[in-house]
Amino acid sequence: MKKIAFIIAKRNFRDREFFVPEEILKNAGHQIVVVSNTQKGEKAIGADGGEITVDLELENLNPEDFDMVVFVGGPGALENLDNEVSYRIAQKTVELKKKLAAICIAPTILAKAGVLKGKKATCWSSEENKKPIEVLKENGADYTGEDVVRDGDLVTANGPQSAEKFGKILLEVLK
């Protein structure tokens, strides 16, 4: 059994990007710890109305305590998680040679943290908004445009439509 930290925004995380991979990993026997930028014991609310109780406050997350750290996207991700605390967590996770993952807009957080430099990665974008791709490229990532990309112990995915595939690849990475 591995211990996995799922980092979600306190408001407007993308429900499918959290609940689908979380269920896949939990069903395989892994321990899930919900981390957010709100108080332990409070509810984080998804963009589609899903709720989950927070186990750990973002600033108290120590990557040493986990086998994998996963950043979840959604409309609230950049507003709530695009900050120095998240960058430090991503950097420490890589430094400790732990597994790191992000889905949707969240790979841009990893890019800004400097941990995607020289790595193959993907992220969410749309016809109207190509900025996330630019952020990855500006920070040295090799943007692939694929649904889910694994580069060693790093996994990135492009959005809710890839949530199940993302969860299955996270499971593979943990083996």
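The rules behind each value
- By convention here, each chain's residues receive numbers from 1 onward along its written sequence.
- Reporting of local features is limited, given that this is a predicted model, to residues whose pLDDT is at least 70; pairs of side-chain atoms are given and counted only at 80 or more, and all residues count toward the totals for whole chains, interfaces and linings.
- Side-chain measures were taken over the full set of non-hydrogen atoms in the model, leaving aside hydrogen atoms and water.
- Secondary structure follows DSSP: runs of H or I at least 4 residues long count as helices, runs of E at least 2 residues long count as strands, and numbering of each begins at the N terminus.
- We call two residues in contact when some of their heavy atoms are within 4.5 Å.
- Working definition: a ring pair exists when centres of Phe, Tyr or Trp rings (six-membered ring for Trp) sit within 6.5 Å. Plane angles under 30 degrees give stacked, over 60 give edge-to-face, the rest tilted.
- Any residue under 20% of the maximum accessible area for its type is buried, any over 50% is exposed, and the rest in between are partly exposed; the area is computed with a 1.4 Å probe on protein chains only.
- One speaks of a salt bridge when a side-chain nitrogen belonging to Lys or Arg is within 4 Å of a carboxyl oxygen belonging to Asp or Glu.
- Think of it this way: DSSP has to see at least two bridges between two strands before they count as a pair.
- Axis definition: a line fitted to C-alpha atoms, over the contacting stretch in the case of helices. Angles run 0 to 180 degrees between N-to-C directions.
- Here a helix's expected span is defined as the number of its residues, less one, multiplied by 1.5 Å.

### Section: the environment of Leu-56
Assignment of secondary structure puts Leu-56 in strand β6 (residues 56–57). Sequence spacing of Leu-56 and Ala-5 is 51 residues, and the spatial spacing of their C-alpha atoms is 9.0 Å. Beyond its immediate chain neighbours, meaning those up to four positions away, Leu-56 contacts Val-33, Val-34, Val-35, Ser-36, Leu-61 and Phe-66.

### Concerning the packing of aromatic side chains
Enumeration according to the criterion identifies four aromatic pairs in this entry. For the pair Phe-13 and Phe-18, a centre-to-centre distance of 5.8 Å together with 80 degrees between the ring planes defines the contact as edge-to-face. According to the relative accessible area criterion, Phe-13 is buried, its value standing at 0%. What makes Phe-18 buried here is its relative accessible area of 0%. Aromatic pair Phe-13 and Phe-19: ring centres 6.0 Å apart, planes at 55 degrees, arrangement tilted. Note on Phe-19: relative accessible area 25%, which makes it partly exposed. One aromatic cluster is present, formed by Phe-6, Phe-13, Phe-18 and Phe-19 through successive ring pairs.

### With respect to the pattern of salt bridges
Charged atoms that come close allow side chains of opposite charge to pair. Taken as a whole, this structure holds nine salt bridges when the rule is applied. The residue Asp-153 makes a salt bridge to Lys-99 at a minimum N-O spacing of 3.8 Å. Of this pair, Asp-153 sits in the loop between β11 (148–151) and β12 (154–157) while Lys-99 sits in strand β8 (residues 99–103), and the two are 54 residues apart along the sequence. A relative accessible area of 18% means that Lys-99 is categorised as buried. One salt bridge connects Lys-168 with Glu-164, and the closest N-O pair in it is separated by 3.0 Å. With Lys-168 and Glu-164 both in helix α6 (residues 163–174), this residue pair falls four residues apart, about one helical turn. Its relative accessible area of 45% is what places Lys-168 among the partly exposed residues. For Glu-164, a relative accessible area of 40% gives the class partly exposed. Each member of the salt-bridge network shares a partner with another, and the members are Glu-64, Lys-92 and Glu-95.

### Details of the sheet that holds β6
Strand order in this open sheet of seven strands is β6-β3-β1-β7-β8-β12-β11, and the pairing throughout is mixed. This sheet does not close on itself; its edge strands, each paired only once, are β6 and β11. Bridge count between strand β1 (residues 3–8) and strand β3 (residues 31–36): six bridges; the pairing is parallel. Looking at the pairing, Ile-7 lines up with Val-35 of β3. Contacts from helix α1 (residues 15–27) reach β1, β3 and β8, with the element oriented near 175 degrees to β1.

### So, α1
Relative to the 18 Å expected for 13 residues at 1.5 Å per residue, α1 spans 18 Å between its end C-alpha atoms, a close match to the ideal helical length. Residues of α1 that are buried: Asp-15, Glu-17, Phe-18, Val-20, Pro-21, Glu-22, Ile-24 and Leu-25. Gly-29 sits one or two positions beyond α1 and adopts a positive phi of about 95 degrees.

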